[in-house]
Amino acid sequence: MKKLKLIAFLIAIISCSCSQKVVLDKGNYNYQVAGITTDGNGRLIVKSFATGRTYDEIKVNVLKKVIREIVFVGITNGSSAMFQKPIITDVRVETEKQDYFAKFYTSLLSSQDFVSISREFATKPEIKMLEKTQNLALGFEISVDRSRIKEKLINEGIIKN
């Protein structure tokens with residue numbers, strides 16, 4: 001009887017120690033802006049992803065995201081030679097001047113002098129699938145003139161030289 005209890009006890013301990021929770025990888029992708037290189041004219045070439053309901057909305061979202069990260073976050077992913085400090089290190093500025101930055105993003109997007117999509121990674125089937133899912137992350141390569149963005153912020157009195 002003692003042997004039976006001992007065996008049952010050992011089986012219980014072994015079965016409890018072997019039952020570990022299975023962790024599934026649900027595809028936690030890194031959608032941060034990643035620096036790739038510079039072109040010959042001093043513009044940064046970065047890669048980023050964005051989501052949206054339509055293809056045009058995704059393009060606008062990715063451009064806004066790149067501008068925001070260059071201004072407030074900096075480039076901390078990708079090639080280490082491309083790492084950049086943020087233009088504005090005080091994040092409170094964005095909330096304090098919320099109306100200004102809404103207009104700022106719109107003005108930068110209206111001109112391709114500051115930021116533009118240089119390459120799209122989306123395939124035609126992915127764009128077609130967007131009509132059904134309306135929430136697909138698409139990747140882009142973006143050309144950004146960081147120095148002109150900084151110059152604009154200085155000229156408009158947001159930051160000091």
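In the block above lies the structure referred to throughout.
Everything numeric here is computed off the predicted structure, so don't read it as measured data.

Please explain helix H4 (residues 98-110) as it appears in this structure.
Because the α-helix completes a turn every 3.6 residues, residues three or four places apart line up on one side. The end-to-end C-alpha distance of H4, which contains 13 residues, comes to 19 Å, matching closely the 18 Å that a straight helix rising 1.5 Å per residue would cover. Along H4, the residues classified as buried are Tyr-100, Phe-101, Phe-104, Tyr-105 and Leu-108. End-on, the buried residues of H4 take up no more than an arc of 130°, which puts them together on one face. In H4, the exposed positions that point more than 90 degrees away from the buried face belong to Asp-99, Lys-103, Thr-106 and Ser-110. Lining the buried residues of H4 we find helix H2 (55-73), helix H3 (92-96), strand E4 (115-120) and helix H6 (146-155).

Hey, could you run me through the environment of Asn-161 in this one?
With respect to the secondary-structure elements, Asn-161 resides in the segment after H6. What makes Asn-161 exposed here is its relative accessible area of 86%. Here the alpha-carbon distance between Asn-161 and Lys-150, two residues 11 residues apart in the chain, equals 9.0 Å.

Sorry, what's going on with helix H5 (residues 124-133) here?
When you tally the buried positions in H5, you get 1 out of 10 residues, a small fraction of the element. Gln-134, located one to two residues past H5, shows a positive phi value of around 55°.

Is there a simple way to explain the pattern of salt bridges in this structure?
For side chains of opposite charge, pairing can occur when their charged atoms come near one another. This model, assessed by the stated rule, comprises 6 salt bridges. With a shortest N-O distance of 3.0 Å, Arg-92 and Asp-90 are connected by a salt bridge. Relative accessible area serves as the criterion here: at 54%, Arg-92 is assigned to the exposed category. Between Glu-156 and Lys-152 there is a salt bridge, with its nearest N and O atoms 2.9 Å apart. By relative accessible area, Glu-156 is classed as partly exposed at 38%.

Conventions adopted
- Residues numbered from 1 in each chain as written.
- Predicted model: local features only at pLDDT ≥ 70, side-chain atom pairs only at ≥ 80, totals over all residues.
- Heavy atoms only, no water.
- Helix = DSSP H or I, 4+ residues; strand = E, 2+ residues; numbered from the N terminus.
- Expected span 1.5 Å × (residues − 1).
- Buried < 20%, exposed > 50% of the residue type's maximum accessible area, 1.4 Å probe, protein only.
- Arc of directions from axis to C-beta.
- Contact = heavy atoms within 4.5 Å.
- Salt bridge = Lys/Arg side-chain N within 4 Å of Asp/Glu carboxyl O.

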